Amino acid sequence: MRGPNACALVLLVLQLPGFCVAQFPRLCATSEALRTKECCPAWQGDGSACGATSGRGFCTEVEVSEEPWGPQYPHRGIDDRERWPLAFFNRTCRCAGNYDGFNCGECRFGYRGPGCGEFRESVRPNILSLSVAEQQRFISYLNLAKNTVNPDYVITTGTRAEMGVDGENPMFSDVNTYDLFVWIHYYVSRDAFLGGPGNVWRDIDFAHESAAFLPWHRVFLLLWEHEIQKITGDFNFTIPYWDWRDAQACDVCTDALMGGRSSLNPNLISPASVFSSWKVICTQPEEYNTQETLCKANGEGPLLRNPGNHDPGRVTRLPTSADVDAVVGLTEYETDTLDRFANGSFRNALEGFANPETGMAITGQSTMHNSLHMFMNGSMSSVQGSANDPIFLLHHAFIDSIFERWLRTHTPPRTLYPRTNAPIGHNDGYYMVPFLSLYRNGDYFVTNKVLGYEYAYLMDPGQRFVQEFLTPYLQQAQNIWQWLLGAGILGALIATLVAAVVVVAIRRRKQSNRRKLQSIYSERQPLLNSSSEEGSASYQTTM
């Protein structure tokens, strides 16, 4: 399905609100949008572009940062991702207040409600602390995402130049919701085409090896989380994390969770796991480079994983609690070269290009974040295709929690984030590739509490008690408050009606008694009168 009419039909059938996730909104994947370079779809609530009539936002020129990038990428005007999103659009929606989305039809992270005025903090749990039912629900959500064509977004299967000067040859394709994010992770980290088969620039990555590594993946997880909420209707869903500190093996690699090892082939997932049937995408970067083509999200074989059978010279052990504490203790977010060779950089040490104990950059070894990818020894071990493995989500949620620990420990000012000369795509003011809406790197150099979520293990005991024991009941009460209110009102009306009936009945009974007394008095009065001659005793006796 393609085009505005198809998108509208899907939205109508599934009753899903529009929300900016990533890549190209269907409504902007047209020749007209490419020709005009405008992506300002109408909000269905009032029919106006960006919901302008309702004050949700307006269509405006995109202003990109002109701060210079570092020497790692010496080219300009070669790659569509440079100065994102100008190769495709120079006018997009700018949302007001707490509104967000490609058409301002949704809310900013952490906000809910019709007017986006309700701020609510959700909690990401430890996957090993979830009940069996909750774990199974999470896995079923992943599988649903893998088998559901995304109603709002398409991926590009060609470069902007291949689509023609006026967009006469739009090249977009449907993709399921899970693979949408796999493709995004591929696209942000792919090599740059320099012209001609195999002629590429490899030292380029808009989400790794520099400052944006942590903010970019933070937004990536938030958007992925929201898409799962939309397709399941479970708006309390959050991505769980895997706390791998001091782990000796892959604790989540079981058939009950993320899939055990196949007894027939140690590189495959056990047939008892739903993930054994998954097909991976975007895992052949050298082939794409040779053909000078983008990944088209076609299935390329089964999910591969063989945890622990990696190169021991590259990964000597998994990270320990002491490693994490040492990395969190580093005070500088970025240093000197602002890339994988940076010394004393918290980001570089957490990403895994430095010794966690000293913070000094190392080559030939993978630590921290990188070590888990290599340890999995399969689909997750190649940057461009790593998101194919659902363990990616659990792993990066925990990496994000360590980032959060560092932010709370050091409370850094935004000025600590590099504004200039970082590798391309990583400066403070650079928009994250390839998201639409537009998110600046520096805007997400903030605590996750501002973004409406928390990690269970970072909460104090009081918060944890409220979250685990009280919040579920409060949420249930909130979900049925209208029913409770209606029941209360109805109960009050019934009680009032019953009371009125009782009062009326009592009054009628009293009136009836008086009438009976009056009747008796009328019948006996002549006898009294007749007996007055005999004396008053009879009257008194009668009375």
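Quick caveat, the model's predicted, so the values are computed rather than measured. (Residues numbered from 1 in each chain as written. Predicted model: local features only at pLDDT ≥ 70, side-chain atom pairs only at ≥ 80, totals over all residues. Heavy atoms only, no water.)

This part covers the overall build of the protein chain. Helices and strands together make up the secondary structure of the protein chain, namely 13 helices and 14 strands. Counting contacts in the protein chain only where the partners sit at least 6 residues apart, residues at least 24 apart contribute 69% of the total. For the protein chain, the accessible area works out to roughly 24,300 Å², and carbon and sulfur atoms hold 55% of it. (Helix = DSSP H or I, 4+ residues; strand = E, 2+ residues; numbered from the N terminus. Contact = heavy atoms within 4.5 Å. Areas by Shrake-Rupley, 256 points an atom, 1.4 Å probe, with all protein chains shown as cover.)

Throughout the structure, instances matching the rule amount to 42 aromatic pairs. Plain terms: the ring middles of phenylalanine 206 and tyrosine 430 are 6.3 Å apart, the flat faces sit at 45 degrees to each other, and that makes the pair tilted. Of this pair, phenylalanine 206 sits in the loop between strand 13 (200-201) and helix 5 (213-232) while tyrosine 430 sits in the loop between helix 10 (391-410) and strand 14 (453-455), placing them 224 residues apart in sequence. When its relative accessible area of 6% is taken as the criterion, tyrosine 430 is described as buried. Positioned above the aromatic ring of tryptophan 43, the side-chain terminus of arginine 56 is 4.1 Å from the ring centre. Sitting above the plane of the tyrosine 187 ring, arginine 81 keeps its charged end 5.9 Å from the centroid. (Phe/Tyr/Trp six-rings, centres within 6.5 Å; stacked < 30°, edge-to-face > 60°. Buried < 20%, exposed > 50% of the residue type's maximum accessible area, 1.4 Å probe, protein only. Lys NZ or Arg CZ within 6 Å of the ring centre and 35° of its normal.)

Another aspect to go through is the confidence of the model for the protein chain. Averaged over the protein chain, the pLDDT score is 87; the fraction of residues at 70 or greater is 81%. In the model, residues 1-22 has pLDDT below 50 throughout and makes 61 contacts with residues more than four positions away in sequence or in other chains. Every residue in residues 515-543 scores below 50 in pLDDT, and together they form seven contacts with partners more than four places removed in sequence or on other chains. (pLDDT = per-residue confidence, 0-100.)

Next up on the list: the sheet that holds strand 11 (residues 172-173). One open sheet holds the three strands; their spatial order is 1-10-11, and the pairing between them is antiparallel. Both edges of this open sheet fall to strand 1 (24-25) and strand 11, since each of them pairs with a single strand only. Where strand 1 lies against strand 10 (residues 153-156), two bridges are found, and the strand directions are antiparallel. What sits directly across from proline 25, in strand 10, is tyrosine 153. (Pairing = 2+ DSSP bridges.)

The volume enclosed by the second largest pocket comes to roughly 800 Å³. Every residue lining the second largest pocket is counted, 40 residues in all, and those nearest its centre are Asp205, His208, Glu209, Phe353 and Val383. Residue contributions to the lining of the second largest pocket peak at four residues, all from helix 9 (residues 368-376). Looking at the lining of the second largest pocket residue by residue, the classes come out as 13 nonpolar, 17 polar and ten charged. (1 Å grid on protein atoms, 1.4 Å probe; cavity = no way out; pocket = protein on both sides within 12 Å on 5 of 7 lines; lining within 4 Å. Points joined across faces, edges and corners; volume = space filled by probe spheres on them. Nonpolar A, V, L, I, M, F, W, Y, C, P; charged D, E, K, R; others polar.)

With that settled, consider the side chain of glutamate 404. Here glutamate 404 lies in helix 10. At a separation of 3.2 Å, a polar atom in the side chain of glutamate 404 contacts the side chain of arginine 218. Ignoring any residue separated from it by four or fewer positions in sequence, one finds glutamate 404 in contact with Arg218, Val446, Thr447, Asn448, Lys449 and Leu458. (Polar contact = N/O pair within 3.5 Å; in protein donor to acceptor, adjacent residues only side chain to side chain.)

The N-to-C vectors of helix 7 (residues 321-328) and helix 10 enclose an angle of 45 degrees; their axes lie 9 Å apart at closest approach. Taken together, the axes of helix 7 and helix 10 are oblique relative to one another. When the axes of helix 7 and helix 10 are compared, the crossing they make is right-handed. When helix 7 is examined against helix 10, the residues Val324, Asp325, Val327 and Val328 are found in contact with a partner set consisting of Ile402, Arg405, Trp406, Thr409 and His410. Classifying every residue of the contact of helix 7 with helix 10 gives five nonpolar, two polar and two charged. (Axes fitted to C-alpha atoms, helices over the stretch in contact; angles between N-to-C directions. Parallel < 35°, antiparallel > 145°, perpendicular 65-115°, else oblique. Left-handed = near helix turned anticlockwise from the far one by under 90°.)

Right, let's talk about the state of the cysteines for a bit. One pass over the full model with this rule turns up seven disulfides. With its sulfur 2.0 Å from that of its partner, cysteine 28 forms a disulfide with cysteine 39. Looking down the S-S bond of the cysteine 28 and cysteine 39 bridge, the torsion is 85 degrees, so its handedness is right-handed. Placement of the pair is cysteine 28 in the loop between strand 1 and helix 2 (31-36) and cysteine 39 in strand 2 (residues 38-39), with a sequence separation of eleven residues. The pair formed by cysteine 28 and cysteine 39 is uniform in burial state, with each residue classed as buried. Two residues, cysteine 107 and cysteine 116, share a disulfide whose sulfurs are 2.1 Å apart. Across the S-S bond of cysteine 107 and cysteine 116 the torsion is about -80 degrees, and the bridge reads as left-handed. (Disulfide = S-S within 2.5 Å.)

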